[in-house]
Amino acid sequence: ANLPLAKLCSAYQQMVRIVRQLYQACRLVHADLSEYNILVHKDQLVIIDVSQAVDLDHPKALDFLREDCSHVNDFFRRGGVAVLTNRELFDYAVDPNINDNNEAAVLEELQQRAASRPLERSAEAQVADAVFQQAFIPRKLDEVSHYERDRDRLAAGASSEGIYYQVVTGMAADLSGAGQSPVQLHRQQEEAAESAAAAAAAGADHAQMGSSSSSSNAADLGGDLKPGKRAATMAAAAAAAKLKPKSGKGPSFLAFLPKAEDQARPSAAAVDSSSSSSSSS
């Protein structure tokens, strides 16, 4: 469909939810999800050709799901939408810790991540997607060959690249035990904790240099604290505020809208449409 960018963004938001609903509520993977099997009726997406869908016990269900995620992302990316990575969409679909109480926060976090990236994927991002598409993903822990090795690697702070089974098996992101919150919010909490630690360290360094500056906000948080401790307290309060559940109705109609500089560029779909019109005339 030749939809304007705002409606494409809204359609992608719907599509992301549909991929999860098929998996979680219907216990199905479409297995042929692409723009050719998506209709638009009164601004709502209608999925067709579901007869070949497979249930979650199918041995290639996760492979088909990754293909569906890739096809959906490729189509909307060509239309100019700031899409998720294939792994982000896959993890959102399979995460058992997402529920009605936290789904809006998860979608908002995913939206912010997608909108913060340039539309043109870097070579590194393309390689990461390609590796994820080809990797073996165990569906159950008894299919994992080296759990202790993977857990120790993550505990040491190494990248999770190549370890893709945490979410689908219901484990915590660091494999320390069962997952208690969606992996997207866990990453958000880790980043907030790192920011708080960095701010506290900066405050301590500032205190050692003899700075005694203060502000009304610092006074509210404890004017009798020493500068280093005051900075740590302020950082902790900022981190806590960032982690509070956000009120509202979740992602807006313009969810997954790309950066302003990317919006100015003609989308691949628009270029293809223009080329076709020129050639036909």
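Being a predicted model, the structure only gives us computed values, none of them experimental. (Residues numbered from 1 in each chain as written. Predicted model: local features only at pLDDT ≥ 70, side-chain atom pairs only at ≥ 80, totals over all residues. Heavy atoms only, no water.)

Q: Could you give an account of the side chain of aspartate 129, with specific residues and numbers?
A: Looking at the element boundaries, aspartate 129 is found in helix α5 (residues 123-134). The buried category is assigned to aspartate 129, whose relative accessible area is 7%. Leaving out residues up to four positions away in the same chain, aspartate 129 has contacts with Thr85, Asn86, Arg87 and Arg121. (Helix = DSSP H or I, 4+ residues; strand = E, 2+ residues; numbered from the N terminus. Buried < 20%, exposed > 50% of the residue type's maximum accessible area, 1.4 Å probe, protein only. Contact = heavy atoms within 4.5 Å.)

Q: Can you tell me about the pattern of salt bridges, naming the residues and giving the values?
A: Summed over the entire model, instances satisfying the criterion amount to eleven salt bridges. Residue aspartate 91 pairs with arginine 87 through a salt bridge whose shortest N-O separation is 3.7 Å. With aspartate 91 and arginine 87 both in helix α3 (residues 86-94) and four residues apart, this pair spans about one turn of that helix. Exposure class is identical for aspartate 91 and arginine 87. Each is buried. (Salt bridge = Lys/Arg side-chain N within 4 Å of Asp/Glu carboxyl O.)

Q: Please set out the packing of helix α1 (residues 5-24) against helix α2 (residues 61-78) residue by residue, giving values where relevant.
A: Two elements in contact, α1 and α2, have axes separated by 11 Å at closest approach and are oriented at 175°. One element, α1, and the other, α2, form an angle in the roughly antiparallel class. Residues Leu8, Ala11, Tyr12, Met15, Val19 and Tyr23 of α1 touch α2, and the partners they reach there are Leu62, Leu65, Val72, Asn73 and Phe76. A class-by-class count of the residues in the contact of α1 with α2 yields ten nonpolar, one polar and no charged. (Axes fitted to C-alpha atoms, helices over the stretch in contact; angles between N-to-C directions. Parallel < 35°, antiparallel > 145°, perpendicular 65-115°, else oblique. Nonpolar A, V, L, I, M, F, W, Y, C, P; charged D, E, K, R; others polar.)

Q: Describe in detail the nonpolar core, supporting the description with residues and values.
A: One finds Tyr12, Met15, Leu65 and Phe76 to be the most contacted residues of the largest nonpolar core, which totals 51 residues. Going through the elements one at a time, α1, α2, α3, α4 (103-115) and α7 (183-208) are the ones with two or more residues in this core. Tallying contributions element by element places α1 first for this core, with ten residues. Setting aside its immediate chain neighbours within four residues, leucine 65 contacts Val19, Tyr23, Val29, Phe90, Ala93 and Val94. (Core = buried A, V, L, I, M, F, W, Y, C linked by side-chain atoms within 4.5 Å.)

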